[in-house]
Amino acid sequence: MESGLEELMPRLLPVDDCDLAEDFDPTVPPRTPQEYLKRVQIEAARCPDVVVAQIDPRKLKKKPTVNISISGCQPAPEGYSPTLKWQQQQVANFSAVRQSLNKHRNHWRSQHLDSNVTMPKSEDEEGWKKFCLGERIYSEIDAPSDNENLGIDYMKVGFPPLLSIVSRMNQATVTSVLEYLISWFGEKKFTPELGRWLYALLACLEKPLLPEAHSLIRQLARRCSEVRALKESKNEEQISALNLIICLVSRYFDQRDLADEPS
């Protein structure tokens with residue numbers, strides 16, 4: 001049996017016994033290359049021909065799931081599909097915004113924030129949702145019909161994506177906040193506050209995209225197309241905002257399979 005195996009699977013490291021000293025002890029660390037190779041052979045010979053893994057069947061009850069979507073965006077409602085010229089102009093404007101942001105980032109980062117601006121920590125999902133959207137939108141509280149006061153309470157209406165704020169966000173924070181807002185948007189309606197922050201965060205994303213950011217922006221574009229298609233009363237301003245986000249994701253960030261067909 002062993003000779004047959006030798007013919008089918010010859011030893012890669014043959015070592016003759018005559019090369020070893022008489023006092024060779026396989027239990028002690030090898031002193032020469034020949035002793036090392038011989039020890040490897042001895043250990044290999046002790047391995048069983050068949051090994052049966054001990055698997056806990058309880059761990060197999062829950063099937064692993066991987067969310068992978070290769071579907072494109074839903075088409076724009078009839079009469080609302082953006083023209084190619086419009087899309088190209090938006091990409092050009094967006095590119096100029098990104099270049100200006102990168103050029104002046106250090107300047108805006110050095111500016112002092114107002115005393116009422118406290119940026120949440122990167123991992124504080126609820127804090128960032130309230131910071132960007134405001135407590136009224138986040139908590140779905142209807143805005144009062146009359147003015148409560150002449151000042152603006154940013155804790156209630158949300159902080160705008162000021163350059164002095166977004167310039168302080170590193171790429172990990174940009175990606176995290178983008179994920180938080182897309183998650184919120186997955187179950188909530190589109191609002192101007194959300195749109196402003198999504199645009200600003202996309203402007204802060206560095207290229208080439210990391211895999212996580214790549215997946216997030218595709219998810220964002222598909223969600224925008226879903227909301228756009230389901231709107232019963234067509235709000236031209238809101239559809240234009242949704243078209244803009246889809247345009248930037250598909251044409252600036254090179255996700256061409258998600259692009260709107262020009263009208």
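Residues numbered from 1 in each chain as written. Predicted model: local features only at pLDDT ≥ 70, side-chain atom pairs only at ≥ 80, totals over all residues. Heavy atoms only, no water.

Caption draft 1: How the structure looks around the overall build of the protein. A tally of regular secondary structure across the protein gives 11 helices and 0 strands. Going from N to C terminus, the protein has its helices and strands arranged as α-α-α-α-α-α-α-α-α-α-α. Expressed as a percentage of its 263 residues, the buried residues of the protein come to 33%. Looking at the protein alone, contacts between residues at least 24 apart form 71% of all its contacts between residues at least 6 apart. Of the accessible surface of the protein, which amounts to about 17,800 Å², a share of 53% is contributed by carbon and sulfur atoms. (Helix = DSSP H or I, 4+ residues; strand = E, 2+ residues; numbered from the N terminus. Buried < 20%, exposed > 50% of the residue type's maximum accessible area, 1.4 Å probe, protein only. Contact = heavy atoms within 4.5 Å. Areas by Shrake-Rupley, 256 points an atom, 1.4 Å probe, with all protein chains shown as cover.)

Caption draft 2: A look at helix 10 (residues 211-230). A rise of 1.5 Å per residue sets the reference length of helix 10, with its 20 residues, at 28 Å; its end C-alpha atoms lie 29 Å apart and thus fit the reference within 8%. Regarding helix 10, the residues found buried are Ala 213, Leu 216, Ile 217, Arg 218, Leu 220, Ala 221, Arg 222, Arg 223, Cys 224, Ser 225, Val 227 and Arg 228. (Expected span 1.5 Å × (residues − 1).)

Caption draft 3: A look at the confidence of the model for the protein. Per-residue pLDDT for the protein has a mean of 81; in total, 74% of the residues score no lower than 70. Between residues 62-68, whose pLDDT stays under 50, and residues either more than four places distant or in other chains, the model counts 0 contacts. Counting interchain partners and residues more than four positions distant, the pLDDT-below-50 stretch residues 145-150 has 2 contacts. (pLDDT = per-residue confidence, 0-100.)

Caption draft 4: Highlighting the side chain of Asp 260. Here Asp 260 is to be found in the segment after helix 11 (236-252). Taking relative accessible area as the criterion, Asp 260 reaches 6% and is therefore assigned buried. Beyond its immediate chain neighbours, meaning those up to four positions away, Asp 260 contacts Gln 74, Ala 76, Pro 82, Gln 87, Arg 228, Asn 243, Ile 246 and Arg 251.

Caption draft 5: Structural detail: the environment of Leu 163. Along the chain, Leu 163 falls in helix 7 (residues 163-166). Classification of Leu 163 as partly exposed rests on a relative accessible area of 37%. For the pair Leu 163 and Trp 108, spaced 55 residues apart in sequence, the C-alpha separation works out to 6.1 Å.

Caption draft 6: View of the pattern of salt bridges. Going through the model one piece at a time under the given rule, you end up with 5 salt bridges. Asp 254 is the partner of Lys 207 in a salt bridge, and the nearest nitrogen-oxygen pair spans 3.7 Å. Of this pair, Lys 207 sits in the loop between helix 9 (192-204) and helix 10 while Asp 254 is found in the segment after helix 11, placing the two residues 47 residues apart along the sequence. Among the ionic pairs, Glu 226 bridges to Arg 223, the shortest N-O distance being 3.4 Å. Of this pair, Glu 226 and Arg 223 both sit in helix 10, 3 residues apart, which is roughly one turn of that helix. The exposure class assigned to Glu 226 is partly exposed, which follows from its relative accessible area of 31%. (Salt bridge = Lys/Arg side-chain N within 4 Å of Asp/Glu carboxyl O.)

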